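Geometric and topological summary
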Amino acid sequence: MASSPKITIRNGRLIDPASGIDRETDLHIAEGRVAAVGAAPSGFQPDRTLDASGRLVLPGLVDLSARLREPGHEHKATIASETRAAAASGITTLCCPPDTQPVIDTPAVAQLIQQTANRNGYARVLPIGALTRGLKGETLAEMAALKRAGCPALGEAERPIRSTHVQRRALEYAASFGMPVFLHPLDPELSEGGCAHEGRISARLGLPAIPEAAETLAVARGLALAEQTGARIHFRGLSTARAVTLLAEARRRGVRASGDVSIHQLFLTEDDLAGLDANCHLLPPLRTQADREALRAAVVNGDLEAVCSDHQPHDADAKLAPFPETDPGIAALETLLPLALRLVEEGVIGLPEMIARLTQGPAGVVDQPYGRLGIGEIADVCVLDPEARWTLTPETLVGRAGNTPFIGTEMHGRVSWTLLGGRVVFERVEQD
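Residues numbered from 1 in each chain as written. Predicted model: local features only at pLDDT ≥ 70, side-chain atom pairs only at ≥ 80, totals over all residues. Heavy atoms only, no water.

For the rest of this paragraph, the subject is the nonpolar core. Core analysis: the biggest nonpolar cluster contains 96 residues, and Leu94, Leu223, Ile263, Leu266, Leu304 and Val307 have the highest contact counts within it. Ranked by the residues each element gives to this core, the list is headed by helix H10 (residues 336-345), at six residues. Setting aside residues no more than four positions away along its own chain, Ile263 makes contact with Val307, Cys308, Ser309, Leu336, Leu339, Ala340 and Leu343. (Core = buried A, V, L, I, M, F, W, Y, C linked by side-chain atoms within 4.5 Å. Buried < 20%, exposed > 50% of the residue type's maximum accessible area, 1.4 Å probe, protein only. Helix = DSSP H or I, 4+ residues; strand = E, 2+ residues; numbered from the N terminus. Contact = heavy atoms within 4.5 Å.)

For helix H2 (residues 107-120), spanning 14 residues, the distance from its first C-alpha to its last is 20 Å, which sits close to the expected 20 Å at 1.5 Å a residue. Buried within H2 we find Val109, Ala110, Ile113, Gln114, Thr116 and Ala117. Looking straight down H2, one finds that the buried residues subtend no more than 160 degrees of arc, so they occupy a single side. More than 90 degrees from the buried face of H2, the exposed residues found are Ala108, Asn118 and Arg119. Buried-residue contacts for H2 involve helix H1 (79-88), strand E7 (91-96) and strand E8 (124-127). Positive phi appears at Gly121, one or two residues downstream of H2, with a value of about 80 degrees. (Expected span 1.5 Å × (residues − 1). Arc of directions from axis to C-beta.)

Let us look at the sheet that holds strand E14 (residues 233-235). The parallel open sheet is built from six strands, whose spatial order is E9-E10-E11-E14-E15-E16. Of all strands in the sheet, those bounded by a partner on one side alone are strand E9 (129-130) and strand E16 (306-308). Note: E14 against strand E15 (residues 257-262), three bridges, orientation parallel. Residue pairing for E15: Phe235 is matched across the bridge by Gly259. Along the sheet face, helix H8 (residues 241-252) touches E14 and E15 and points at about 155 degrees away from the line of E15. (Pairing = 2+ DSSP bridges. Axes fitted to C-alpha atoms, helices over the stretch in contact; angles between N-to-C directions.)

Along the chain, the position of Thr326 falls in the loop between E16 and H10. Note on Thr326: relative accessible area 3%, which makes it buried. Side-chain polar atoms of Thr326 contact the backbone oxygen of Phe323, separated by 2.7 Å. With residues up to four places along the chain from it excluded, the contact list for Thr326 reads Ala278, His281, Ala318, Lys319, Leu320 and Ala321. (Polar contact = N/O pair within 3.5 Å; in protein donor to acceptor, adjacent residues only side chain to side chain.)

Turning next to the UniProt feature "domain: Dihydroorotase catalytic" (unreviewed entry) in the protein. When the UniProt feature table is mapped onto this chain, "domain: Dihydroorotase catalytic" (unreviewed entry) is found at residues 54-236. Annotation note: span residues 54-236, helix share 39%, strand share 17%, distance between end C-alpha atoms 35 Å. (UniProt positions renumbered as here; feature names shortened; annotations may be inferred.)

The next subject is the environment of Ser262. Structurally, the position occupied by Ser262 is in strand E15. Residue class for Ser262 comes out buried when judged on its relative accessible area of 2%. Considered as a pair, Ser262 and Ser191 are 71 residues apart in the sequence and their alpha carbons are 19 Å apart. Among all residues touching Ser262, those that are not within four sequence positions of it are Arg236, Gly237, Cys308, Ser309 and Asp310.

Each aromatic ring pair is specified by the distance between its two centres and by the angle formed by the two planes. A full pass over the atoms with the stated rule returns one aromatic pair. Positioned above the aromatic ring of Phe267 is the side chain of Arg296, whose terminal nitrogen or guanidinium carbon lies 5.3 Å from the ring centre. (Phe/Tyr/Trp six-rings, centres within 6.5 Å; stacked < 30°, edge-to-face > 60°. Lys NZ or Arg CZ within 6 Å of the ring centre and 35° of its normal.)

It is worth spelling out the pattern of salt bridges at this point. Side-chain pairs of opposite charge can arise whenever the charged atoms involved come near each other. By the definition in use, this model includes 21 salt bridges. With a shortest N-O distance of 3.4 Å, Arg236 and Asp310 are connected by a salt bridge. Here Arg236, found in the loop between E14 and H8, pairs with Asp310, found in the loop between E16 and H10; they are 74 residues apart in sequence, far enough to count as distant. The pair formed by Arg236 and Asp310 is uniform in burial state, with each residue classed as buried. Between Glu346 and Arg296 there is a salt bridge whose closest N-O contact spans 3.8 Å. Highlighted residues: Glu346 in the loop between H10 and helix H11 (351-358) and Arg296 in helix H9 (residues 289-301), separated in sequence by 50 residues. The structure contains a network of salt bridges with shared partners spanning Arg67, Asp99, Arg236, Asp260 and Asp310. (Salt bridge = Lys/Arg side-chain N within 4 Å of Asp/Glu carboxyl O.)

Here the focus is the pairing of E7. The buried fraction of E7 amounts to six of the six residues, a majority that puts the element mostly inside the structure. One ladder, built from three bridges, connects strand E6 (residues 61-63) with E7; its direction is parallel. Residue pairing for E7: Leu61 is matched across the bridge by Ile91. Chirality of the crossover, the property in question, places the unit of E6, H1 and E7 among those that are right-handed. Taken together, the four bridges between E7 and E8 define a ladder with parallel strand orientation. Within E8, the residue paired with Thr93 across the bridge is Arg124. (Right-handed = clockwise from strand over helix to strand, strands pointing away.)

A separate point is the layout of surface pockets. Of the pockets and cavities examined, the largest pocket occupies roughly 610 Å³. In this structure, the largest pocket is lined by 30 residues; those nearest its centre are Asp99, Glu158, Arg159, Leu283 and Pro328. Partitioned by chemical class, the residues of the lining of the largest pocket number 11 nonpolar, nine polar and 10 charged. (1 Å grid on protein atoms, 1.4 Å probe; cavity = no way out; pocket = protein on both sides within 12 Å on 5 of 7 lines; lining within 4 Å. Points joined across faces, edges and corners; volume = space filled by probe spheres on them. Nonpolar A, V, L, I, M, F, W, Y, C, P; charged D, E, K, R; others polar.)

Right, let's talk about the sheet that holds E6 for a bit. Within the open sheet, the three strands sit side by side as E6-E7-E8. Their pairing is parallel. For this open sheet the edge positions go to E6 and E8, each flanked by a neighbour on one side alone. Between one strand axis and the next, the sheet turns through 15 degrees on average, direction left out of account. H2 rests against E7 and E8 of the sheet, and its axis sits at about 175 degrees to E8.

Put into structure tokens, the structure is as follows:
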């Protein structure tokens with residue numbers, strides 16, 4: 001492979017929360033890493049200069065949950081199609097849940113995913129290893145082998161372990177290898193068959209419902225076991241105010257727990273189900289407006305240190321059945337950053353704090369050296385035009401799937417360039 005080019009990004013507003021930088025300055029890159037901030041190193045001659053005047057220069061985004069559908073579901077999407085969409089959206093590192101086919105419960109599958117991503121070269125993919133073989137919640141996976149194969153964390157995707165005993169053993173085993181565990185907080189008994197929040201909207205529409213307690217029970221169990229075992233846990237995709245409160249209280253007691261929220265949960269609520277748009281069929285379901293406000297507050301104060309896309313691309317047929325029978329999930333890579341910027345524009349959160357939830361926060365959850373632009377750090381960079389306004393349409397989507405309720409919505413901010421390890425992997429030719 002040829003050596004990485006020397007690149008200077010000039011005149012942009014560099015925001016790197018991890019380094020405490022927020023100022024208009026230049027960024028100099030050599031050998032895939034940040035060589036200098038401000039004045040160029042002595043004798044530095046860039047092979048290319050990018051003019052970022054009027055733009056934001058940010059660390060590449062780190063997304064804790066993005067299904068790429070490969071291997072096993074290539075009719076929905078592929079690693080190539082979705083990492084290309086990620087690059088166009090300023091996302092340079094993606095965590096892939098283990099519910100591929102075959103499941104990520106062996107080093108071979110973990111390595112296949114990483115090799116495929118490396119070959120395409122648009123974004124870095126970190127496979128989340130399975131806690132149990134086949135995600136069946138019975139026999140523990142070979143965690144040490146998965147760690148050696150590049151899995152930074154373990155989880156069961158959206159298949160919660162029914163047995164408390166097995167979950168305890170899994171957490172003990174993971175703790176012995178120093179690996180964080182992703183927990184999807186939904187009690188399997190209370191959530192089975194449900195497709196909407198248990199409340200006035202589900203009652204009016206006659207939809208099978210999932211109560212708030214389905215999440216809070218699972219969170220309480222996870223926290224109790226984390227406290228018992230000393231394991232590090234991360235709640236992937238919290239959706240209720242009560243769950244956030246439980247997490248915050250446990251963290252104050254010293255429990256090693258963290259949590260994130262999917263970006264759509266900070267905008268949509270159960271009211272968006274009124275038209276029975278299957279693109280609003282999600283797990284966890286869209287909750288109340290009070291829940292949404294509590295989630296926003298938790299992002300602001302840091303009780304939730306990461307915001308992710310929870311990208312789940314589907315083929316068109318997956319959303320055509322009656323609402324309860326459709327597949328849950330949103331194609332969300334390309335709306336993550338624009339929606340985050342809307343929160344800033346609406347005055348919900350400051351820009352540096354929002355960027356932290358998309359970069360250093362999620363990188364810290366999985367103990368990875370990304371999401372930061374200090375000198376010597378890996379040069380994953382997103383250069384963004386914050387003033388750009390554009391409308392999300394099927395034609396503007398780079399990824400393969402269009403299952404999003406945000407079609408037709410005006411978006412705020414658009415990526416100009418994305419660099420992965422010092423190489424330009426996305427460049428917007430037309431600033432439209």
